[in-house]
Protein chains: 2
Amino acid sequence: MRVLITGAAGFLGSHLCDRLLADGHEIIGMDNFITGNPDNIAHLAGNENFSFYKRDISNYIFVTGKVDAILHFASPASPNPQSKSGYFNLPIQTMKAGALGTHNCLGVARIHNSRFLLASTSEIYGDPEVHPQAETYPGNVDPVGERAVYDEAKRFAESLTMAYHRFHKVNTSIVRIFNTYGPRMDMEDGRALPNLLKQALLGEPLTVYGNGSQTRSFCYVDDLVDGIVKLLYSEEHKPVNIGNPVEMSILQFAEAINKITGNKAGIVYKENARSARDPQRRQPNITRAKQILNWEPKVDLEEGIRNTIPFFKQKLGLA
Amino acid sequence: MRVLITGAAGFLGSHLCDRLLADGHEIIGMDNFITGNPDNIAHLAGNENFSFYKRDISNYIFVTGKVDAILHFASPASPNPQSKSGYFNLPIQTMKAGALGTHNCLGVARIHNSRFLLASTSEIYGDPEVHPQAETYPGNVDPVGERAVYDEAKRFAESLTMAYHRFHKVNTSIVRIFNTYGPRMDMEDGRALPNLLKQALLGEPLTVYGNGSQTRSFCYVDDLVDGIVKLLYSEEHKPVNIGNPVEMSILQFAEAINKITGNKAGIVYKENARSARDPQRRQPNITRAKQILNWEPKVDLEEGIRNTIPFFKQKLGLA
């Protein structure tokens, strides 16, 4: 297949390039680098099955030749209010990527009869009142809250995708992505995993906010990419959760990181700095992914962290 | 003020033109007539304070001269699946009006330092689990449901409006409009009021689905317009519900219509044809409108229906 990937220089986009190239496809990558990083695709330079265009896909998309599939992964995604590339600091670009970008992608998919895959997110569930979250849960998002720029952009993108499917018969699919980690992740994205792993590799005590009882579920990037590609190759149109349902408290997680990295500096507790915007829990119900795609995650936390450490060491100048 | 109104030829847009002209403002009206009706603004032809441009504001907006205020009312709004101008049959135009149209309006507002007022809707609450609905209720909307094209378009529009306020300091406001009726309403919009009033004026028995216990709250258009204009003149930025909190069952309502119109044909009960998409109850909490705008509805159902009858009779060829 000839596959267009928007956000190709992002964490997930670049892994999808690698995987789909390995599967024998031709890839057209696009990214405007406002959050994507050229380093993530530098190794693909010279690959004759990979071409790259620096583009803002919220403005327009122009592709020559046939496009068999489109994976729309372009969007700021970091919830860190301090990060310059997070969606709190790029609110309008985030909303444009979700609405105008999705609209442009669907226009191309309609013309080319392409399979379209939208990168949606567990954020559409907001601060969920149901655990774990199944695809039928309508979510708990305040549309005028600060975090809503990301959540509502993705909710809109899902609705528009379904509208193109129902009205224009475009062959669409929607993946709802839960917390993911691995090489090329944004180490400043403000999530618990990169923060703790950085501290461990630097030999510092790991900071746990509050009593550490808030939980997270982390999926290793290879598992996630495998689920996304299975969805791409399927004929499913309705949203599918892809994520790792193994739920751990932040405290358990910090202890595991110290053990895996051999960090002896222990844990320090700090007052709960959690903003009202941070969900206390989020965990995927992956029943549909199992049934429809025969997919479930295979990489456990220890293996995933070990695979991720070299990337972190390199970025931290420890390699 | 010099005021741009999108959707100027719609039910609410045209009443806003009348009211703001009466208040001494200059009005620039725009509409693409996919759901608006030229008849609604025909009486304004020749008014030197009113100009009109046939435009699709989802594509672009071009205005010469200063714009002091923008009221963004362009959108399909009828929930009737049978109506050609309803949002089920115009799903992509509906989403474009909410996302691209709002984006274009906010761009103009930013350049001109205009007061911006977004027409949002009680539909952002979806099928609510809380009654009545206050502005803090995050709603219950399935983003991939068929009805979501309208709901998510308006939720997105609200988020984008707040993003422009927070990030670009645009002077924005958001009105969440509940069920409204009056002259120039879409008689085919599929809601209970026009259906019943038509039957009553034709001397037919009024059709009540199920046992008629589902409730509605109807606001007369003059009240609604008064609330919107008060919000426009205020400095409020957060969403404000405007609607009539008087809740009636459909049965009570049908009986009232028969009484007001003198229709002797009674009521017939039919099997509940309510689709899963129709909310069973929706009722505004207007505490904020009272406190911030000193607004509450003044027109009771009898007066409102009496004011509406001449329009219906004319449309039905009975005048």
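Here the structure is shown first, and the text comes after it.
Residues numbered from 1 in each chain as written. Chains lettered and ligands numbered in written order. Predicted model: local features only at pLDDT ≥ 70, side-chain atom pairs only at ≥ 80, totals over all residues.

Another point: the relation of the copies chain A and chain B. The transformation that overlays chain A on chain B combines an axial shift of 0.0 Å with a rotation of 180 degrees, and the residual RMSD is 0.0 Å. Such a combination of rotation and displacement between the chain copies is what one expects of a two-fold axis. Most of the interface of chain A is mirrored in chain B, where 100% of its interface residues are also at the interface. (Least-squares fit on C-alpha atoms with pLDDT ≥ 70 in both. Contact = placed C-beta atoms within 7 Å.)

Attention now goes to the environment of B:Val3. All names here are of chain B. Within the fold, Val3 resides in strand 1 (residues 2–6). Overall, Val3 belongs to the buried group, with 24 C-beta atoms counted inside 10 Å. Separated by 68 residues in the primary sequence, Val3 and Leu71 place their C-alpha atoms 7.5 Å from one another. Once residues within four sequence positions are removed from consideration, Val3 is found in contact with Leu20, His25, Glu26, Ile27, Asp68, Ala69 and Leu71. (Helix = DSSP H or I, 4+ residues; strand = E, 2+ residues; numbered from the N terminus. Buried ≥ 20, exposed ≤ 12 C-beta atoms within 10 Å, placed from the backbone.)

This next bit is on the sheet that holds strand 5 (residues 115–121) of chain B. All names here are of chain B. Across the sheet, which stays open at both edges, the seven strands sit in the order 3-2-1-4-5-6-11 with parallel pairing between neighbours. Each edge of the sheet is formed by a strand with only one pairing partner; in this case those strands are strand 3 (50–54) and strand 11 (240–242). For this sheet the average axis-to-axis angle between neighbouring strands, irrespective of direction, equals 20 degrees. Most of the contacts of helix 2 (residues 91–112) go to strand 4 (residues 69–72), to which it runs at about 175 degrees, and overall it touches strand 1, strand 4 and strand 5. Across the sheet, helix 3 (residues 148–168) is in contact with strand 5 and strand 6 (171–177); its angle to strand 5 comes to roughly 155 degrees. (Pairing = 2+ DSSP bridges. Axes fitted to C-alpha atoms, helices over the stretch in contact; angles between N-to-C directions.)

Another aspect to go through is the interface of chain A and chain B. Listed per partner, the contact involves 27 residues of chain A and 27 residues of chain B. Here the side of chain A that touches chain B takes 12 residues from helix 3 (residues 148–168) of chain A, the largest share from any one element.

Cis geometry marks the peptide bond from A:His131 to A:Pro132, where omega comes out at -20 degrees. By the element assignment, A:Pro132 lies in the loop between strand 5 (115–121) and helix 3. At A:Phe33, a position not held by glycine, the phi torsion is positive, near 65 degrees. Along the polypeptide, A:Phe33 turns up in the loop between strand 2 (26–31) and strand 3 (50–54). For A:Phe33, a count of 12 C-beta atoms within 10 Å puts it in the exposed group. A positive phi angle, close to 60 degrees, is found at B:Lys169, a residue other than glycine. Considering the arrangement of structural elements, one finds B:Lys169 in the loop between helix 3 and strand 6.

Let us look at the packing of helix 4 (residues 192–201) of chain A against helix 6 (residues 250–261) of chain A. All names here are of chain A. The geometry of helix 4 relative to helix 6 is characterised by a closest axis approach of 10 Å and an angle of 35 degrees between their N-to-C directions. Between helix 4 and helix 6 lies a crossing of right-handed hand. Taking contact as the criterion, the partners of Ala192, Leu196, Leu197, Ala200 and Leu201 in helix 4 are, on helix 6, Ile250, Phe253, Ala254, Ile257, Asn258 and Thr261. Of the residues contributing to the contact of helix 4 with helix 6, the split by class is nine nonpolar, two polar and no charged. (Left-handed = near helix turned anticlockwise from the far one by under 90°. Nonpolar A, V, L, I, M, F, W, Y, C, P; charged D, E, K, R; others polar.)

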